[in-house]
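Here is what each chain is made of, one letter per residue.
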Amino acid sequence: QTLAQELIPDFAPEKCLFVQAQVLECGAEVTPHRDALPFGGDMIATAVIEGSSEVRVGSQRFRVDTGDLYAIAHDARYKVEHEVL
């Protein structure tokens, strides 16, 4: 529960509200969305437990693989459409 706080400076003062992990099965996706206010805090980090996929946040795309940790924070969470492809 402290991994994001240790690795991402913006998370250091934040309390962990819940743990989110992904097992990315082949062909699975999270459809494009904006998170609802104010569910789960201003920032969210996700650990990829198994599998790999592409993540899109606005116009930015990146690949995540087993063992990766990624975060979405502030406006990117609530105002920018994001998805797991």
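Structure: see above.
From a predicted model like this one, the values you see are computed outputs, not experimental measurements.

**Student:** Help me out: how do you make sense of the overall build of the protein in this one?
**Tutor:** Counting secondary structure elements, the protein contains two helices and seven strands. Since a compact globule built from 85 residues should have a radius of gyration of about 12 Å, the 13 Å found for the protein is in line with a globular shape. Taking the principal axes of its C-alpha atoms as reference, the protein extends roughly 35 × 25 × 20 Å. For the protein, the proportion of its 85 residues judged to be buried stands at 26%. The long-range share in the protein, meaning contacts at least 24 apart out of those at least 6 apart in sequence, stands at 67%.

**Student:** What exactly am I supposed to notice about the packing of aromatic side chains here?
**Tutor:** Using the criterion set out here, one finds one aromatic pair in the structure. With a centroid separation of 5.8 Å and 70° between ring planes, the pair formed by Phe62 and Tyr70 is classed as edge-to-face. Residue classification places Phe62 among the partly exposed residues on the basis of a relative accessible area of 28%.

**Student:** How should I be thinking about the sheet that holds strand 3 (residues 43–51) in this particular structure?
**Tutor:** Two pairing modes exist for strands in a sheet, parallel and antiparallel, and in both the strands are linked by backbone hydrogen bonds. The sheet built from three strands is open, its strands ordered 1-3-6 with mixed pairing. Sheet topology places strand 1 (21–24) and strand 6 (69–73) at the edges, where each strand pairs with a single neighbour. Here the strands of the sheet are splayed against their neighbours by 30° on average, with no regard to which way each runs. Bridge analysis of strand 1 against strand 3 gives four bridges, and the strand direction is parallel. The partner of Ala21 across the bridge, within strand 3, is Ala47.

**Student:** For this particular structure, what's the right way to read the pattern of salt bridges?
**Tutor:** A pair can form between side chains of opposite charge whenever their charged atoms are brought close. Going through the model one piece at a time under the given rule, you end up with five salt bridges. The salt bridge partner of Asp35 is Arg77, with a shortest N-O separation of 2.7 Å. Of this pair, Asp35 sits in the loop between strand 2 (30–33) and strand 3 while Arg77 sits in helix 2 (residues 75–78), placing them 42 residues apart in sequence. The partner of Arg56 in a salt bridge is Glu81, and the shortest N-O contact between them spans 3.0 Å. Remark: Glu81 occurs in the loop between helix 2 and strand 7 (82–84) and Arg56 occurs in strand 4 (residues 53–57); sequence separation between them is 25 residues.

About the cut-offs
Residues numbered from 1 in each chain as written. Predicted model: local features only at pLDDT ≥ 70, side-chain atom pairs only at ≥ 80, totals over all residues. Heavy atoms only, no water. Helix = DSSP H or I, 4+ residues; strand = E, 2+ residues; numbered from the N terminus. Rg over C-alpha atoms; globule rule 2.2 N^0.38 Å. Buried < 20%, exposed > 50% of the residue type's maximum accessible area, 1.4 Å probe, protein only. Contact = heavy atoms within 4.5 Å. Phe/Tyr/Trp six-rings, centres within 6.5 Å; stacked < 30°, edge-to-face > 60°. Pairing = 2+ DSSP bridges. Axes fitted to C-alpha atoms, helices over the stretch in contact; angles between N-to-C directions. Salt bridge = Lys/Arg side-chain N within 4 Å of Asp/Glu carboxyl O.

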